[in-house]
Amino acid sequence: GSLDTTMYPFVLRGVRLLGVDSTLPWNVEGYDPDRDTWLAFRRERVAVWRRLETDLPVEALRRMHMATVPLDDVTHWAEELLSGRVRGRVVVQV
């Protein structure tokens, strides 16, 4: 299945979409084509990942994790979230 949407419904409901763009390849449309700018962005991403590695204990992530669900189950989990039955982090596998 696919999920064709924007982030706005999540923002309007107070859901935080957290992540690090760790896979941005060189010269992607919509990004600055300057290689030095790309390298600066890459250095920032690497620094963020290194900081997460040291500052965020894996056990803390395990405690807040509620479920890992396939994309096909997003509708069900959205209903659970909106009804207040979700406590913790739900990871969607895409």
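Residues numbered from 1 in each chain as written. Predicted model: local features only at pLDDT ≥ 70, side-chain atom pairs only at ≥ 80, totals over all residues. Heavy atoms only, no water.

Visitor: Run through the overall build of the protein chain, naming residues and quoting values.
Guide: For the protein chain, the helix and strand inventory stands at 4 helices and 2 strands. Helices and strands in the protein chain line up, N terminus first, as α-α-α-β-α-β. A burial count over the protein chain gives 11% of its 94 residues as buried. (Helix = DSSP H or I, 4+ residues; strand = E, 2+ residues; numbered from the N terminus. Buried < 20%, exposed > 50% of the residue type's maximum accessible area, 1.4 Å probe, protein only.)

Visitor: Break down the pattern of salt bridges for me, citing the residues and quoting the values.
Guide: Pairing between side chains becomes possible if they bear opposite charge and their charged atoms approach one another. In the structure shown here, the tally under the stated rule is 3 salt bridges. A salt bridge links Arg62 to Glu59, with the nearest nitrogen and oxygen atoms 3.6 Å apart. In this pair, Arg62 and Glu59 are both assigned in helix α3 (residues 58-64), 3 residues apart and thus about one turn of the helix distant. What makes Arg62 exposed here is its relative accessible area of 57%. When the shortest N-O distance is used, the salt bridge between Arg85 and Glu80 registers 2.9 Å. (Salt bridge = Lys/Arg side-chain N within 4 Å of Asp/Glu carboxyl O.)

Visitor: Explain the side chain of Glu80 to me, using residue names and the numbers behind them.
Guide: You can see Glu80 is positioned in helix α4 (residues 74-82). Given a relative accessible area of 17%, Glu80 falls into the buried group. Apart from the residues within four sequence positions on either side, Glu80 is in contact with Arg85 and Val86. (Contact = heavy atoms within 4.5 Å.)

Visitor: Please set out the pairing of strand β1 (residues 65-70) residue by residue, giving values where relevant.
Guide: Looking at chain direction, β1 and strand β2 (residues 89-93) are connected through 5 bridges and run parallel. Its bridge partner being in β2, His65 is matched across the sheet by Arg89. Handedness of the β1-α4-β2 crossover: right-handed. (Pairing = 2+ DSSP bridges. Right-handed = clockwise from strand over helix to strand, strands pointing away.)

Visitor: Break down the confidence of the model for the protein chain for me, citing the residues and quoting the values.
Guide: For the protein chain, mean pLDDT is 81; residues scoring 70 or higher make up 78% of the total. Of all helices and strands in the protein chain, the one with the weakest mean pLDDT is helix α1 (residues 8-12) (69), whereas β1 scores best (91). (pLDDT = per-residue confidence, 0-100.)

Visitor: Give me the environment of Thr54: which residues, what numbers.
Guide: You can see Thr54 is positioned in helix α2 (residues 35-55). Relative accessible area serves as the criterion here: at 61%, Thr54 is assigned to the exposed category. A distance of 3.0 Å separates the side chain of Thr54 from the side chain of Asp55, its partner in a polar contact. (Polar contact = N/O pair within 3.5 Å; in protein donor to acceptor, adjacent residues only side chain to side chain.)

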